[in-house]
Amino acid sequence: MKIILISLDTLRASRLSGYGYGKPTSPHLDQIARDGVLFERAYAADIPTEVAHTGIFTGKIGLTTGVVSHGSDLTHLPKSVEWLPNLLRSAGFTTGAVDNLYQLKEWFARGYNYYINTVGGNRWIDGSKVNDLALPWIEQHQGESFFLFLHYWDAHTPYLPPESYIPQFYDESKDPFDPSNQSMEPAYNHTAYPFFKHHHYDLVGNVTDTDYYDALYDAEIRYLDDRLKELDDHLCKLGIQEDTLLVLFGDHGESLTEHDIYWDHCGLYEPTVHVPIIMRWPGRIDGGRRVPGLVQQVDLLPTLLDAVRREAPAGIDVSKLVDPGGLDGINMWQAIEGESEGTHETIYLSECAWQAARGIRTDRYKFIRTYDPGPFKRPPRELYDLLVDPGEKVNLAEANPRLADEFEQQLNEVVSRKLGGRIDPMVQQLLERGLPFRRRIEQILAEYGLSWEEWQQNPDRELFDQAALAHSHGHAK
């Protein structure tokens, strides 16, 4: 038995053709879904990357583990916390990863016989590099029961797809650098601009058309899809595709200008928290299955452990796979086999990086409580009726305060129950360190002689660019 768990970083569900998108971003992912099961309403409990993956590998949300903030020096995951690669290795699997999450926190390398770090001189990691490292590893271990974790970053900023992928997603009659197009101005004059200038905008060029950035994102997904086909073709060539449980997930999505968020993954809105989960296991999962109910990423751990018990391959000691205690994840096999709609009636949501907020997603409603908006302007409470307002444009919190109060009470009860008397890690983060990404912007501004307060009052791109230029000239002398 082989298990390949694939993280598709920053992949938004609604941008895949298998989830209803009208452009051909994901033909091979769609084929995998047709051969297996697609979860229509899968959610990230915690965003972004660091906390999402911690939840997946522990089967526990951040409130349970204490890991709620991305990029914080306060967070720590004790070695006593059960970890999926550890569990599988102890049962007899050869465990491997092609990944760079170790650069964020040391615990991401736990439990692997082989951890191949993709980090290089460049922050940007191309899917071809992942395949160059992964395909030989698979070939070398094809005769073993193995667990392999692969992490593809192509859909993450900066969007730098090969030029050949862009035309099918961008109107060639348009000029992405047309000076008369003003659609990029809100992004360029946003409080978060100092972070994204060097991280993204300067690398793509002086684009004036927001549609072009959206097209680049689509092109990155299409490029990623081709890399996944290469991987799948390799499994087929080796004759191990039928023996492989393939699990693909987005760690979080991406906001493409919605809610004043420009090509990034914050905010507990659908573009960022609704993620794809697709599984294929020939002969064990019927093809063409679509699970309509709510599921969460933390459901993956108990589902994978149960898959191993069901298969019970030779040389694997399933007695080692006792479910860890205190899981927030629920086994998805009943939903996969059509015996239930999903795994959760209510989804808990959390973020603590750009903003500090928590939320609840039910079949119909989304409630968001913001504690610190960071560089954004947010009301303290948001309530959306997703049945009539899937774009989350009409905030009902003031118009229907009674329902908002009910959701806030429900949210507070979840937090209290999960903490069990422990210090709230989000409160601790805000009191002791503040939001990690606001701190990063403050550092950048200070380097250029600007303060957070003056920048927040007037986030003018020209002002920042002039300060950056003066700083560079000062260093050049």
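Residues numbered from 1 in each chain as written. Predicted model: local features only at pLDDT ≥ 70, side-chain atom pairs only at ≥ 80, totals over all residues. Heavy atoms only, no water.

An unreviewed UniProt entry annotates the protein chain as Arylsulfatase A-like enzyme of Paenibacillus taihuensis.

## Things to note about the overall build of the protein chain
What counts is decided by this rule: By the criteria applied, helices consist of DSSP H or I runs no shorter than four residues and strands consist of E runs no shorter than two, each listed in order from the N terminus. It is over C-alpha atoms that the radius of gyration is taken, and the globule rule equals 2.2 Å times the number of residues to the power 0.38. Summary of the burial criterion: residues with accessible area below 20% of their type's maximum are buried, those above 50% are exposed, and those between are partly exposed, where the area comes from a 1.4 Å probe applied to protein chains only. Asp and Glu are treated as the negative residues and Lys and Arg as the positive ones, with His and the ends of the chain left uncounted. Here the site of a charge means NZ on Lys, CZ on Arg, CG on Asp, or CD on Glu.
Each helix and strand counted, the protein chain has 16 helices and 15 strands in total. Computed over C-alpha atoms, the radius of gyration of the protein chain comes to 22 Å, within 12% of the 23 Å expected from 2.2 N^0.38 for 477 residues, which places it in the range of a compact globule. Overall, the C-alpha framework of the protein chain stretches about 65 × 50 × 45 Å when taken along its three principal axes. Expressed as a percentage of its 477 residues, the buried residues of the protein chain come to 59%. Here the protein chain contributes 45 positive and 72 negative side-chain charges, whose respective centroids are spaced 4 Å apart.

## Description of the sheet that holds strand β13 (residues 356-361)
Applied cut-off: In short, DSSP must find at least two bridges between two strands for them to pair.
Taken together, the five strands give an open sheet; going across it, the order is β3-β12-β13-β14-β15, and neighbouring strands pair in mixed fashion. Here the strands that pair on one side only, and so sit at the sheet edges, are β3 (46-47) and β15 (381-385). Pairing analysis gives two bridges linking β3 to strand β12 (residues 347-352), with the strands arranged parallel. Paired with Ile47 across the two strands is Glu351, which belongs to β12.

## A short note on the nonpolar core
Heads up, the rule is: For the purposes of this section, nonpolar cores are sets of buried Ala, Val, Leu, Ile, Met, Phe, Trp, Tyr and Cys residues that join through side-chain atoms within 4.5 Å. Domain extents, as shown, originate in an automatic or database domain assignment. When checking whether two residues touch, look at their non-hydrogen atoms; a contact exists if any pair is within 4.5 Å.
Core analysis: the largest hydrophobic core is formed by 135 residues, its most contacted members being Ile6, Phe39, Ile138 and Tyr201. Counting residues per element, this core draws most heavily on helix α8 (residues 210-238), which supplies 13 residues. Structurally, this core is a two-domain feature, drawing no fewer than three residues from each of domain 1 (2-174 + 209-347) and domain 2 (183-208 + 435-472). What Phe39 contacts, discounting residues up to four positions off in sequence, is Tyr19, Ile277, Met279, Val291, Val295, Met332 and Ile336. Judged by nonpolar contacts, the second largest core, of 17 residues, contains Val298, Leu403, Ala404 and Leu419.

## Observations concerning the layout of surface pockets
Test applied: Grid points spaced at 1 Å over the protein atoms alone were grouped into cavities, where a 1.4 Å probe fits but cannot get out, and pockets, open sets with protein on both sides within 12 Å along at least five of seven lines, with lining residues defined by an atom within 4 Å of a point. Grid points are joined across faces, edges and corners, and a volume is the space filled by probe spheres set on the points. When residues are sorted by character, Ala, Val, Leu, Ile, Met, Phe, Trp, Tyr, Cys and Pro go into the nonpolar class, Asp, Glu, Lys and Arg into the charged class, and all the rest, Gly among them, into the polar class.
Approximately 320 Å³ is the volume found for the second largest pocket. As for the second largest pocket, its lining consists of 17 residues, and the residues nearest its centre are Glu270, His274, Arg361, Pro390 and Gly391. Contributions of two or more residues to the lining of the second largest pocket are made by β2 (37-43) and α9 (270-273). Of the residues in the lining of the second largest pocket, the class split is six nonpolar, four polar and seven charged.

## Describing the sheet that holds strand β5 (residues 114-117)
Formally: Only the stretch in contact is used when fitting a helix axis, every axis being a line fitted to C-alpha atoms; angles between N-to-C directions are given from 0 to 180 degrees.
With mixed pairing, the eight strands of this open sheet are ordered in space as β5-β4-β6-β1-β7-β10-β2-β11. Of all the strands in the sheet, the pair left with one neighbour each is β5 and β11 (289-296). Pairs of neighbouring strands in the sheet enclose a mean axial angle of 15 degrees, with direction left out of account. Relative to strand β6 (residues 146-152), strand β1 (residues 2-8) is paired through seven bridges, and the arrangement is parallel. Counted as the bridge partner of Ile4 is Leu148 from β6. Of the strands in this sheet, β1, β2, β7 (244-249) and β10 (274-280) are in contact with helix α1 (residues 27-35), which crosses β10 at around 60 degrees.

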